[in-house]
Each structure stands twice: as C-alpha cells, then as structure tokens.
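# Survey of secondary and tertiary structure
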Amino acid sequence: MKQKHAITSLLQLFSLRFNLTGVAALILTCGLLGPFSYGQSEIVLRLPMPTTGPNSLDPVRGASQYDNVAASYVYETLLEYEYLTRPYKLKPCLLESMPEVSEDGKTFSFKLRDDIYFHDDPCFEDGKGRKVVTRDVFYSLKRMADTDNQPKSWWLMQDTIKGFDQYRKEQNEAERFDYDAPVAGMVEINDHEFQIVLNQPFIRFQYTLAMFQTSVLPREAVEHYQDRISRHPVGTGPFILEHWETGLQMVYRRNPNYRDVRYPADPGMKDDATPPYQGYAQDKALGMYDCAGERLPLADKVVLTMFQKNAPAWLKFLNKELDYTRVASENFSQAFIKRKRTLRPSFEAQGMRVVALPLLDMVYNGFNMEDPDYGGYTDQKKWVRQAISLAMDLDEVNEAFYDGINLIYDGPIPSGLDGHPEGHTAAVNYRGPNLQKARELLKKSGHPNGEGLPPLVYYTSQQAQSREMAYMTARNLKKIGIKMEVNALDFSELSEKMREKGAPFFGLAWGSDYPDAENNLQLFYGPFKSPMSNNFNYDRPQYNELYEEIRVMPASPERTAKYVKMRNMIIEDVPMIGAMARTRYYLIHDRLKNFKPEETFSNWVKYLTIK
Amino acid sequence: MNRIKQMINTREAKKLWRNKLALVALAIIMLYLLAALFVMAGGISRVTCDTVIGPNKMPGFYRQDTPEKRYENSTKKFLTKVKRALAAEDVEGALSEVSLGPFTVVNKSPAELEMLVAEVDALAGELNESPNLDIDPSLLPKIADLEAAEAQLKAPLTAWQQFVYDVSILLGTDAQGRSIFLRGIYSIKIAIQIGLVTAIFAVSLGAFLGAAAGYFGGWVDHVVVWIYTTFSSIPNLVLLVVLAYAFTNSAAKDTLLPVYIAFGATFWIGTCRVIRGETLKLKEMEYVHAAQTAGFGPVHILLRYILPNTAHLMLINFSLLLIAAIKSEVILSYLGFGVKNQPSWGIMIRDAGNNGDVVGGFFWEIGFATALMFVLVLAFNILSDALQDAFDPKHV
Amino acid sequence: MWAFIIRKLVYNIPVYLAIIFLLMVLLRQRDPVTGKLGKNATQEDYISKRKEFGLDQPIYLQYGVLLKSIFTFDFSQESWNEPGVTVGEKLRTAVPRSLALTVPALGITTVISIFVAMLSAFYRGRWIDRLLVFCAVLGMSVSFLVYIIFGQYFGAYKLQQWLGTPVFSIHGYESGLLNWPFFMLLPVLISVIVSMGYDTRFYRAVMVEETQADYITTARAKGAPQSKVMFVHMLRNAMIPIVTRVMITLPFLVTGSILLEEFFGIPGMGYVLLSAIRNDDFPVVEGFTAVFAGLFIMSIIATDILYAVFDPRVRLQ
C-alpha cells in the first residue's frame, strides 16, 4: 500500500503545481533559446537538399544527384568544370595542367599537383593526411571494377581503358581482388606523372574524369574503415564531413589544410570587346567577381538539411533559415508573377533574388521497339507511333503539372548541347496535338480510328504526379481511338519491367551525366539494349554506325551534323515521344554571394559565401 | 431476429431515443449515407471528379481571384485550345473538339472566331504591359473587359449545365482545376465504403472468434488469444503500412482491397477481446446451462443464446471501428499507402499539403475535406457515446 | 512469482516467433534489390545483390538466421539502405529521440487529462462536465493530420512571422537539453492536444465509477473537504486502471510518432521506420519490430504482475 501513496502524492504535486505561468515561461525561454543556438562569428552556409539525401558517400557506390552533391564537398576529381564559364569548360583540379592527349587521341598524359594532401584522419599512420600520388588515382579507378564494392559506376569505365575489362574479369574471379595487379592502360611514370591508354579515342573519357564517381581516395582509409567508408569519407576536398544525421542533416567544416586555390579572377572583356563567355556581363553585374583572388573555400561551415517534403523547406527559407531554395512548382505562383516570371514585390522587398537554371534533362514517353504491336520498323508500325505522338499534348502537361515553366523540345538532345534543334523545334516533327494528322496516319497504317490495335499498356512510376500525367495522356489518346491502360509501379518494379523488356509504352526521365549529347544518344545504341541503358531496345544499323563514329569524334561541325542526323532518325522512328526539360528556379536571400547554381556538376559550394 | 426486436423495445433503446443530441447525430449520419448512395447510384462518377472544369486554385463561394490570376485564367487553357484549333488543318473539326469542363466553342464561323480571339489578344497585350496587375487597381475594368471578351468564345450553357457548373465551383477548384466540392462529396462514399466494409468484417470476425474462444475455452481459446496477441504485438501503423505496402505491385494495387485487408487484419482484435470476456460471463448464465442440458449443440447455443446477447457490444464496437477506419484511411492515404486513383479525404488533404495550398494560404481543399470528415466523425462519436450510455453504462 | 513470470514468458514464445515470421513474409512480397542498383545495372549486378542480401536462400533459412541474431541480441546486421550503419546503431540513436518526444507527451497528457477527468467526474452531469466531455469529443473528431499541418504552419511559421523571432522549429532536430524546447515542444504540444480527448474520456469513466463507490459517499458524509475527497480518496482508488493504461502505452513510446516525426524532421523511430519501409530496408524493419514486440510482451506480463501486486484478489498462481 505504501507505493500507492507515493505515486498518488507525486501526481498530486504535479497537478497542483501545473499552471499556466509555467507554460508561458517555457515558451518564452525557447523563444530566447532559438536564436541563441546559432553561432555568429564564422561564415555558415545553410543549404537545403531535397529528399532524404545521399545513401553513400563512397564515390563508386554513389549514383544519384544527391550522392554527387554530398560527395563533392569532400572528394575531388582530376578535372573539374570552370565555375562561371558557359558553355561548360573543363579545367584541371587535382592536375597541374589539362592532360596531354596523343596524336591518335588514345593516350592521355597526366601530371598531378604537388601540393595535394588527404584530410587529416586517424586512418593514416600519424593522423596526418598524406600527399596524393599516382597510385591513389589508379587505386580509386580500380575500385570501380571490384564487385565487392558494389560499384554503381562500372558502366563509365566499361570498354574504355585498355586492359581494364580483362583486369576486372580476372580479379573478380580470383580469390582475392588484387589492386596491385597491373592494367595495361594505366601506366605509372612516377609519383605524380602517369598515362592512361584508351581502347579507342573516346570523347566521353575526359568528362568521366570530372564525375564524382572517379574521385580520388586513399587506400588506407578504405582498408581502415572498410564498409564504413561510405559514411566516413577521407578525401582531398575543401570541406571535411563533421557530422551526418541520416536523412536529416550533414555538417561540413572547412578543411584547414586545403591547398591554396583562389576564386577565379575576372577575365575582363576580350580585346574585341566581346564577353569572354556567355552571361559574363550579368555575372559581373551581380558581383560574382567581388571575391576574385580570395582563398577557397570561402565558408567555414556548411549545414546541409534534407527535406522530404517541399513545404517545410519553403517555410524555413521564407523565415530566412536557409540561404537558398529551389522553388517547387507548387510554390511558384506564390512567389512569382507567372505572366512575367518575375518575383513578386513582397518577395523582392525582403531582398530575395531569382536564378533560373534550365536543366539538361529529358522527360519522355518511350516505346519498346521489340513489342509486337507497337514496336517494329515497318512503315505501318512507324505511322502508328507517329499518330500517338501527334495525339499527345505536352503543353497541357506542362501547364497542368509544371506551371508551364518547362521547355518542350523535339528529339533526345537537351537545350544547350550540340545538335539541339533551333527554336526547340525540328523541321520534321510529330509533336502534338494534331488530331487530324494523327487520324490520317492511323488510317494509312490500316487502323482507322484505332481499329485492330490492342490496348496500349503504359508503365509509369507510382508518384501521384506521374499517375495523373498518365491519365491525361490516356484521355488524349482516346480521342484518336487508342485505348491506353495505365500501370503505376514503384521504382524498383518499373526498372525490373524495363530490364525484362516488359513495357510496351512507358514514362521515364533521364538527366545528363555530362554536357555532351553523346550521353543521351547512347540511350538508343543497339548493343546497349535492355537490361542496359537502351530501354527502347532501339536497334537501327545506320544509327549504330553513326554512334560508333561520334563517340570518338571531338566537337566539330561534322560531329554536330551527325548528331542532327541521329536526332532526326529518332524523331522519324519515334521510339520516344517528347521531350520536356525542367527549368529550376532558385530563390536566394541577398546575403548569399557568388551563387550560380549548376546541377551537372556540384562542387561549387566552395565558392559560396555570406555577406 | 426476435432478440434484436426485443433489443429495440428495451428500456435502454428508449433511453437512446430520448437523447436529442444522439438523434441529431443519427440524422447527420443518414444525410451522409444518402450522399454516399447518391454517389454510388452514379450521381458523381470518378471521371467527373477528375475532370478539369476551370482554372486551378479558384477560390470558393464565387469570390473573385487576384487580377493576375484572372488575367492568367482568361489567356490560358481555353483560349490556347481555341487558338490551336484555329491553326489546325481541319479547323471545323478541331473546333468541335475544344472543351473545358462544360464549355465548348461558340457556334460561329472560324473567321468570326479569329476576330474574337484578336480582340482578346489586343486587350491581353495592353494589360501585359503592366509589370504587376495585382497592385494596379486602375486596370481592374480592363481585366473585366478581357474576361467578357474571352467569355464570348464560349458557347452559352443551358440552365441545367449552368446549375451543375455553379455547384461544381461552389468551393473552388484544386491545383489541377478540378471541383473541390464534387471531390469532397465523392469522398464521402469512399469513407463510408471503407468504414462499413472493414467494420462489418472486423466485427463479425472478432465476434465469431471471441465467442468461440470464450465458449469453448481450452485450446480454441489459446489459439485465438495467441493470434490476437501476435497481431497486437506489431505496432498498429507498422502493420497497416507493411500490409498495404505488400500489395503495391499486385493486381489489386489500385483497388481498395489492400486497405480492407490492412484494416480488417488489425481492427478485429478489440472486438474479439470484448466479446470473449462477455462470453465468459454469459457462459455461466442459467439459461445457457439450461440450453446445454436440453441437449442443444454448441453452435446452436452460440448462435441463439450467446451472440445475440452481445449484440449491444457489437453495435458499440461497430461504430467505434467505423470512426477508426475513417480516420486511419486519411492517414494511410496521406502516407501514400491507402486509396489510389480516386479522391478521398486523405488524398485531398495530401494534395493540399503537396500543392502548396496551406503554405500559400489557400485553405479551400483542406478545409472542406477536414470539415466533412469532422462532422461525420463527430456524429459517430456522439452516437457511439449515446449507445454506450444506453446499453453499457458500466463500460470503462 | 518467478514461476508465474517464467510461465508467461514461455507461453509468449510462440507469439514472438509468429510475429517475426509474419513480418518477414509480408516484407518479402516486395523486391528490395532493384531500387538499390544504379542506372545501367545488369542482370549480374541484380543476382549478386540478391545474394549479398541473402534473399536467394529459402525463406526458412532466412528465418533461422534472423531468429538467431535476435536471440543472441546481435544487431550488427547492416542496413541495406545505408551501407556501413548497423541496425543496432540506428536503434541506439533513434530511440532516445522518440523518447524525448513521447515521454513528455505521455506525462503531460496523463497529468492534465487525469486532472480534467477528475473535475468532470466530480461535477458529473453538470454543465462543466458536459462542456468538458463535448470538447473532448470535438477534439477527437479532427484528424491528426490536420492538427499537424496547421500546427506547423501557425505554430512555427506564422508565429515566427508575427513575433519576428523563431519560437519553435519548423523542421529539423538538434540534440541537447537546451535545444529541446525549440525543436520538440511544439510536436509535444500537438501530441498532447490530440491524445487529450481519448485520455480524458477514459479517465473520466474510471473516476465516475469511483465517485459512485461507497467510500466516497462515506467520506463526503463525514464532511471531508471536497479537494481531499477528490485527490486523496478518488485518485488513490483509480490508480489501478490508470497505471494499467500507462503500462500498456509504454512500449508505444519507443515507436515514436510516425506522422509527427516525419513532419517536423525528428529522426526518431517513427521516421526511421517509415523510411526503412519505403526503401525496403528489411533488416531495420525486422530488427525494430523484434525489439518492439519484445517490449510489448514484456509490458503485458508486467501489467499482469502489477495487477497482482495492487489487487490482492488476483493471485499469482
């Protein structure tokens, strides 16, 4: 009975002492505490990251854009893109100068910088970061071949470096993967000079060297941390990962030993008074060169916060708790006068600024060319697909789901790359809606009003938006008499369907890995059919030949002509309908300086600062 | 049947009839049922709910939108469609296919239409000079002119069409331009359907197993208790989500079946417990003993003497489960595991959250869904309170 | 007493085995592999990934492996979604956060609702009782979601706009006692408001039963002051159902609140669990449910024992 008394009196105490002033005091204290929890003395960037963020910081395991962003703070690659220059231009990062390419375009000679050290980390003998040498570069590349690492990036290296494929096969079959075994195409000259020999003079290779998957990391760290390397990166980059709260927050701190790298200097107008690159004047006006010559990184600390939903990120931005945000389409009309795409005065008054960034991306609907009903290369089959393309209304989709801010273009080459049609429209195209022409083509193909055609089965992802878009397409196809069944699957089932060629018609998107149309054109190359990247299973000999030619051609008018030829083939055969490229609107507070966002590469946070 | 009749005539039932509040609640529930029946009879179809009837995020109660939105509404959607049709090869045919909700193109020659479009364009062009229509009240008459000019392109509606349209936009439109009112009403059917199906299933399963366990005891009791302990040892929401998720790629993924199964599997436990306890008590009653000595089989006794005497408990549990089902549906749909392909209150609340409604200060969609749900759940709460007061006043 | 506990434990072992099996079978309706492969994955990648996850083995073997790790308290299996993080680590970091949300919420709710329930029961049938009961019903009729959506919008965002200084966090979490009010108080308050209705009604029913008991009448007849009757006599005797209810709720403290954590970005158990289910991270879901189910069974047994301790009529046989 005694215990009972104790509990009772405790409760009694609680209920009597509990009063409203207590609550008020509590609220007041947290009001005071809130702002105090933020430091003032150092430069702290507070940046958002959509979704739950990266899964792994191991360069060879990462694949998504978010892996890319998070890894690019800590890791560096041999090459990188110039921050402000457009169109994109590569420059050396870990290298002293751009690699020298031999006459036949197959041998690349590299020279590493002499002042690059890994982050200080207990994995090194005395805890001090060691100098980066040739072996580290080769080791990092070889990790992409080791299936024990579950690399997601082998496709970048496949059939590229001389002897690398064979090395991969041998070592994975061997009892132990031997990183010291030689690869014919990786030639070490000394600690900071080396050569890489390719099978063929692939143009893509130099872009690969700027992708985060080829980041350089030390063998000690991998052997010390094993699997945990994906959570505990040791690189050479401007920041060091200090804290990672999965799905919530990542905190980076400036790397105190970062080598002397300076903010790009103002190139000034060219002698003939033309700007040195596209958009120079604007950059200059925005004060992008105010920090010229200052040592990087400019910020002391970066706090990356992950948001699964847009609403909290948006509210936090409005309350100035984030330095910038992507404007989700649902918040677009709140912030912008849609008609003019200008910021509303109330937002301007708070010192916000807009940066619009057209993405190198391609939202499309694709056909399986091996499908007995809707695939195939005969004229009749082609006309059916063209008719379907003509019945679709991408403008309506754009209006209904993206607030009309997307860019619609013909063919598979996104805007800004060689081979993109002028005015976004190809001379011959099958862009809808043009129901009359669609009906004519159907008639010509022997299926007037869709007669004799089985229902078209469409696969798309399970998100509410993709689903609604599919229903819209179905409504439009019904107008020309084609029945479409919508199947919404989650991402893994959808990929599975692609792999087994099980989807006659599907909706997907592709984001370019590097700024060269080759990356998009390879999606239609016959030998890359499912289960590889060619989900269309498009296989036209003429096209394949052209692809084999262009992938070893440097940029030139002849190559562009071939791109156009390939693009027109795709438009004519209609393995895909589309495409649409999203435009990203960024909103920033005026305290954030030097902000020129980019999604093709992500290592630009080192240039940002707060003033 | 006799038992139920008896039940209706008891003192308890009369007590229920005297409870004014409960009667109001009952009337409200009947109203909802009528609405659900109306939807089921085809009054509002799924297609109607998904049809775009006008501009997006239109405010309700026929309130005027902001000038910028009004400009946008008059120069997009319908006008774009008309322009595209006028540019087509077969103009007449293309024009006949233009539609936006109930609106079609007015019966005029293409040349006349071209002129009307030019008129709209001229007005729009003038307005387009202004950097921000929202802060320039002097342009309001012009916007009204623009709207009038654009309205000339639309064929006049019949009285019935106009009535249907007015009802549809009573509470405005959602982010895609679909009627909030119709979607909300349609969702009543979904809520009632899910509530009834799962409550009937869960109560009958729970009552059957509970009565059997209580009456037979022994290993039957052990098995039943074992099953429900197992199910209740998995956190409720986890079980719901995992069950619903297990169906994501099956053929039934777009139907309500996963929801039924998920709710059915978790909801029967409470009823089963209560009925088992009651049966343990009833088993010792004299009339049951009498029936046993008279030689009736156990099934007969269960069906005739025990289950009917737990009817009041079943009724109370039934109304409690209905509430639980309706509320859980909203949360499950919100998380993306519940209703798909058709509107429901959860979907509406989710859409309102995802489409920036709340953040942007547009409360029509979330408000209507919440209000409808609130009134129904409130009515059921009051009713089940009254039921409990009347039939089971000692219940804790 | 010990015999009783052991008997109960043995009785619940099959329950436990069934929970694990049920969950395993349900989870395995899905294919967790494809989503974890990058773009341009090949069939070999797929097969090797399946093998790595142990999904190529028959289900009874997988079951055996899982049981073994549970019964040896071995939570060192790695999460599939975050390579390098073990299930044990996830539990260790997530559970305290959920507790920081749920324990204060339960405490405040229980105290306030008992207080309100006493008031209500004491004035049974009068306007104050009716008003309180009606408010409880009103509160129960609004969806949890709506409380959260509006709570976040008005409580965090709008409040900050009006006051010009952040009072509550919109989204996010930082550990530390001083940070607690900023990040956690709003979710706790929302949780209190949501559960108040249910708890008040429950406790009122308990109290009402007590007010009708003889000893209250006697106490009143003796002229004991009302507050004494309420707090000493009534509350003491209502302790058994109150403690039982709190006991039953205890395991749920660990699960956290999926919705609150998801909305406010608190990486507690609910948040981790939901993202694990969404990402087909089987080891995390299984490990977590194993722990929860264990706690749940334990609390059932503990409740039985408590009954016996408090109520001499129940005996531990």
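Residues numbered from 1 in each chain as written. Chains lettered and ligands numbered in written order. Predicted model: local features only at pLDDT ≥ 70, side-chain atom pairs only at ≥ 80, totals over all residues. Heavy atoms only, no water.

### Brief notes about the overall build of chain A
If you tally the helices and strands in chain A, you get 19 helices and 23 strands. Expected size for 611 residues packed as a compact globule is a radius of gyration near 25 Å; at 27 Å, chain A falls within 12% of this value. Based on the C-alpha atoms only, the size of chain A along its principal axes is roughly 85 × 70 × 70 Å. Per-residue burial for chain A yields a buried fraction of 59% across its 611 residues. (Helix = DSSP H or I, 4+ residues; strand = E, 2+ residues; numbered from the N terminus. Rg over C-alpha atoms; globule rule 2.2 N^0.38 Å. Buried < 20%, exposed > 50% of the residue type's maximum accessible area, 1.4 Å probe, protein only.)

### Looking at the environment of Lys152(A)
All names here are of chain A. Counting through the fold element by element, Lys152 comes out in the loop between α4 (134-143) and α5 (164-173). You can call Lys152 partly exposed: its relative accessible area is 22%. Linking Lys152 and Ser495, residues 343 residues apart in sequence, is a C-alpha distance of 15 Å.

### Quick notes on the sheet that holds strand β20 (residues 576-581) of chain A
Overall, mixed pairing links the 6 strands, which are arranged β16-β20-β15-β19-β17-β18 (chain A) in an open sheet. Of all the strands in the sheet, the pair left with one neighbour each is β16 (407-408) and β18 (484-489) of chain A. (Pairing = 2+ DSSP bridges.)

### Looking at the domain arrangement of chain C
Residues and elements named next belong to chain C. Partitioning chain C into structural domains gives domain 1 (2-71) and domain 2 (91-144 + 197-310). Centre-to-centre separation of domain 1 and domain 2, based on C-alpha positions: 33 Å. The interface is formed by 19 residues belonging to domain 1 together with 14 residues belonging to domain 2. Taken over both partners, the interface formed by domain 1 and domain 2 buries close to 1500 Å², and the fraction arising from carbon and sulfur atoms is 75%. Sorting the residues of domain 1 by area buried against domain 2 places Tyr16, Leu23 and Leu27 first, and these three jointly supply 29% of that buried surface. Between Arg28 and Glu286 there is a salt bridge whose closest N-O contact spans 2.9 Å. (Domains from an automatic or database assignment. Contact = heavy atoms within 4.5 Å. Buried area = accessible area lost by both parts, 1.4 Å probe. Salt bridge = Lys/Arg side-chain N within 4 Å of Asp/Glu carboxyl O.)

### With respect to helix α11 (residues 180-216) of chain B
Residue and element names in this part refer to chain B. For α11, spanning 37 residues, the distance from its first C-alpha to its last is 53 Å, which sits close to the expected 54 Å at 1.5 Å a residue. Most of α11 is tucked away, with 27 of its 37 residues classed as buried. A distance of 3.4 Å separates the backbone nitrogen of Phe181 from a side-chain oxygen at the start of α11, and that oxygen is part of Ser179. Once α11 finishes, Gly217 follows within two positions and takes phi at roughly 60°, a positive value. (Expected span 1.5 Å × (residues − 1). Polar contact = N/O pair within 3.5 Å; in protein donor to acceptor, adjacent residues only side chain to side chain.)

### A few points about the pairing of strand β1 (residues 44-50) of chain A
Residue and element names in this part refer to chain A. Of all 7 residues in β1, 5 are buried; the element is thus mostly enclosed. With 7 bridges joining them, β1 and strand β10 (residues 301-307) adopt parallel strand pairing. Paired with Val44 across the two strands is Lys301, which belongs to β10.

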